[in-house]
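A structural walkthrough
Read off the chains here:
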Amino acid sequence: MEKYIKLLDLIDKDLLYQHVNTLSQWERLTGEAEAEKAVDYIVEELERNHIQYNRYHFDGYFSDPIHGQVSVTAPEKLDIRAKTRSFGLHIPKGLKGNLFYDSDSEKTRSVNESTDRFEKMNDKIVVSWNYYEDYVKKIENAGAIGLIHIWPSKEEAIHEETVGTVWGTPTIDNVDQLTKIPVVGINNSDGLQLLKLLRDEEVTVVLKTVVKNGIKSVSLPVATIPGETDEYILISGHYDSWHKGATDNATANALMLELARILSNKPHKRGIQIAWWPGHSNGRYAGSAWYCDHFWQDINEHCVAHINIDFPGTKGNVNVVPRFTSLEDAQFLKDIIASFTDKEPTRFENLPRGADQSFWGTNIPIHLMMKYEPIQEEKIYQTPGGNWWWHTEEDLPDKVDFDLLFRDTGIHLVLVNELTNVNILPLNLLDFIATSKKIMNELDNHSDKAFDFTVVHESFDKLTEVIRDLLGKEVRDAKKYNKLLKTIGGTLNRLKFSYSSKYDYDNTFPFRPYPGLAKVKDMYRGNSSPEEFLFTLTFFVRQRNRIVKEIQEIIKEINRYLFRYR
């Protein structure tokens, strides 16, 4: 910590307090007047500190959940509190149907049992513990007419959520993938009451949803702090929120403003861009996707790191968990975090898709996001940060711990300062490959033999040899070497975290690393229908070709570099 004191002395805790409280006075739903007031405030602060910025405007497709209602009509009359999900179907006059309880234990069922299960959903409103987008599409395809989702932990609050399947604004190619059934969430106690009714007899409900879907014109502010070179670090966080969102995400917005103020007064080798995204919540990462679409070439050529920031400074969240791609130097991150928490992080996690990860198509080698959570004994709520007020009306400034926000601002200030000035990008290529090989072995050992991983294993073995050769050579030109690392790292990250082309986005479904291959996990001819098995095998072969070819191109690029600089 002592070596960072001079940097930490630059942080103004009073300004953090001012920013959080100012931003938290507004309901910042993307495209609405109060969200634009938040952008006004952000750019006014940038202007006050003489920081260069652009306030971009674009049209996007957004879904605002307004109202949800579940009314039991038989065997007795009962009204249940509910919230409709963003991107669910708009049915304000109501939809009447009988309930079907899905225990969501598909993995334990045989092919026939699984088929029978989905057939029973036809023309029913499903009650389930699952609301993820892939599940919603699956029950929709089975003929379900609606979904009531029960929250797994026992808080009384009902959390806002989304069932949007399309990343960013839809295109003419994927607009048909939008959810076509109404979806609502209810809390745990009301869900158990509903299930108790269902145990004894048939239950009929009327499901009403009010969802405002449509096009809005929105703002996207981006601050630019020049460096000595054309390389830069992208720092980002969403400014939109459900309700007043003090910890999600006014604290991050305040942290980012403070980073902009401090770093704009320091010289840096690399430049810095700081982006406040709209449409994270009600647009499925529409802001970051739009920005990547419209600045793809610049990001691909010059951006060397993307650091996303979400709910720092949250009361009770004393633990810091780094989320990364496994390409970043883990010890580099451990040392910084330990300086502020007096202990190294106990684990690392893969980046989630919810971190506005719209940039896998571009060659960015470093992707980071810190996760903040309570100590394990106090983590009783099943929300991303372990806090009951997440995505509710109660996410207000009293949920902010400004000492923790000061700490989290310090962590990011040191991290960005190091990344902007380090000579060689802090990557560990061999660790990344070793982790990837473990993943491939796991998939290979837990899937049907028809999913042949032989050429994938061979490709990673060849890549390991070439990387070892590269690392054994002296770096003569840091600029050219970093450019090579950018190409290698960007390609490897894209393969591990997406299955789409460089210029498009995956759907929003939950995913595992190497999503193009991971779909075969635990799949055998005996536990899937012939059609499902064939479709999965076809997808697997195409993704296998992609991975093998991309690794071949990395090897060629490294060999060209080694030949040129022998």
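In the block above lies the structure referred to throughout.
So, here's what we can say about the structure. The model shown is predicted, which means the values in this text are computed figures rather than measured ones. (Residues numbered from 1 in each chain as written. Predicted model: local features only at pLDDT ≥ 70, side-chain atom pairs only at ≥ 80, totals over all residues. Heavy atoms only, no water.)

Remarks on the layout of surface pockets
Empty space among the atoms becomes visible once a probe the size of a water molecule is rolled across them. As a volume, the second largest pocket reaches approximately 1200 Å³. Along its surface, the second largest pocket is lined by 38 residues, and Tyr 131, Tyr 132, Pro 352, Gly 354 and Pro 384 are the ones closest to its centre. Taken together, the elements giving at least two residues each to the lining of the second largest pocket come down to β12 (349–350) and β13 (366–373). Among the residues forming the lining of the second largest pocket, the class breakdown is 16 nonpolar, 12 polar and 10 charged. (1 Å grid on protein atoms, 1.4 Å probe; cavity = no way out; pocket = protein on both sides within 12 Å on 5 of 7 lines; lining within 4 Å. Points joined across faces, edges and corners; volume = space filled by probe spheres on them. Helix = DSSP H or I, 4+ residues; strand = E, 2+ residues; numbered from the N terminus. Nonpolar A, V, L, I, M, F, W, Y, C, P; charged D, E, K, R; others polar.)

Digging into helix α11 (residues 402–421)
Along an α-helix, a turn takes 3.6 residues, which lines up residues three or four apart on a common side. With 20 residues, α11 should cover 28 Å at 1.5 Å per step; its first-to-last C-alpha distance of 28 Å lies within 8% of that length. A large share of α11 lies buried, amounting to 16 of its 20 residues. Sitting at the amino-terminal end of α11 is Asp 401, which places a side-chain oxygen 3.0 Å from the backbone nitrogen of Asp 403. (Expected span 1.5 Å × (residues − 1). Buried < 20%, exposed > 50% of the residue type's maximum accessible area, 1.4 Å probe, protein only. Polar contact = N/O pair within 3.5 Å; in protein donor to acceptor, adjacent residues only side chain to side chain.)

Section: empty space enclosed by the protein
Enumeration over the complete set of coordinates arrives at two cavities of 30 Å³ or more. Taken as a whole, the largest cavity encloses approximately 40 Å³ of empty space. Around the largest cavity, the lining residues are Thr 247, Asp 248, Phe 311, Thr 314, Gly 385, Asn 387, Trp 389, Trp 390 and Asp 395. By residue class, the composition of the lining of the largest cavity is three nonpolar, four polar and two charged. The computed volume of the second largest cavity comes to approximately 40 Å³. Around the second largest cavity sit Arg 85, His 149, Ile 150, Trp 151, Ala 157, Ile 158, His 159, Gly 185, Ile 186 and Asn 187, which together line it. Of all the secondary structure elements, the ones that give two or more residues to the lining of the second largest cavity are β5 (146–150) and β6 (183–186).

A short note on the pattern of salt bridges
In total, this model carries 31 salt bridges according to the counting rule given. Taking the shortest distance from any N to any O, the salt bridge between Lys 216 and Asp 64 comes out at 2.4 Å. With Lys 216 in strand β7 (residues 204–225) and Asp 64 in strand β1 (residues 52–74), this pair connects stretches of sequence that are 152 residues apart. Of the two residues examined, Lys 216 and Asp 64, each falls in the buried class. Its salt-bridge partner being Glu 393, residue Lys 83 comes within 3.1 Å of it at the nearest N-O pair. In this pair, Lys 83 sits in strand β2 (residues 78–84) while Glu 393 sits in the loop between β13 and α11, placing the two residues 310 residues apart along the sequence. Among the residues examined, Lys 83 registers a relative accessible area of 12% and is labelled buried. A single network of salt bridges, built from pairs that share partners, joins Arg 323, Arg 347, Glu 349, Lys 371, Glu 373 and Lys 379. (Salt bridge = Lys/Arg side-chain N within 4 Å of Asp/Glu carboxyl O.)

Side note on the nonpolar core
Here is a general trend for soluble globular proteins: nonpolar side chains tend to be buried in one another's company. Among the nonpolar cores identified, the biggest contains 98 residues, and Leu 463 and Ile 558 are the most heavily contacted of them. Ignoring sequence-local partners within four residues, the contact set of Ile 558 consists of Leu 463, Val 466, Ile 467, Leu 470, Leu 484 and Ile 488. Tyr 232, Ala 275, Tyr 291 and Ile 364 belong to the second-largest nonpolar core, a separate cluster that totals 23 residues. (Core = buried A, V, L, I, M, F, W, Y, C linked by side-chain atoms within 4.5 Å. Contact = heavy atoms within 4.5 Å.)

Some thoughts on the environment of Ser 128
By the secondary structure assignment, Ser 128 is in strand β4 (residues 125–128). You can call Ser 128 buried: its relative accessible area is 0%. Distance from Ser 128 to Thr 464, taken between C-alpha atoms, is 45 Å for residues 336 residues apart in sequence. Within polar-contact distance, the side chain of Ser 128 engages the side chain of Tyr 135 at 3.1 Å.

Examining the packing of aromatic side chains
The geometry of an aromatic ring pair is captured by the separation of the ring centres together with the interplanar angle, meaning the angle of the planes. Within the structure shown, the criterion is met by 26 aromatic pairs. Relative to Tyr 291, the ring of Trp 277 has its centre 5.6 Å away and its plane inclined at 55°; by these criteria the two rings are tilted. Separated by 14 residues along the polypeptide, Trp 277 in strand β9 (residues 271–277) and Tyr 291 in helix α8 (residues 286–294) bring together distant segments of the chain. Note on Tyr 291: relative accessible area 3%, which makes it buried. On the numbers, 5.8 Å between centres and 85° between planes, the contact of Trp 388 with Trp 389 is edge-to-face. A relative accessible area of 8% places Trp 389 in the buried class. (Phe/Tyr/Trp six-rings, centres within 6.5 Å; stacked < 30°, edge-to-face > 60°.)

Remarks on the environment of His 294
Assignment of secondary structure puts His 294 in helix α8. Residue classification places His 294 among the partly exposed residues on the basis of a relative accessible area of 48%. In this structure the side chain of His 294 is engaged in a polar contact, spanning 2.9 Å, whose partner is the backbone oxygen of Trp 290.

Some points on α8
Taken across its nine residues, α8 has seven buried, putting it largely inside the fold. All of the buried residues in α8 are Ala 286, Gly 287, Ser 288, Ala 289, Trp 290, Tyr 291 and Cys 292. Looking at the buried side of α8, the elements it contacts are β1, β7, β9 and α9 (296–302).

Looking at the state of the cysteines
Counted by the stated rule, this structure contains zero disulfides. With no disulfide of its own, Cys 292 lies 9.6 Å from the sulfur of Cys 303, the closest cysteine sulfur. What makes Cys 292 buried here is its relative accessible area of 3%. Overall, Cys 303 belongs to the buried group, its relative accessible area being 0%. (Disulfide = S-S within 2.5 Å.)

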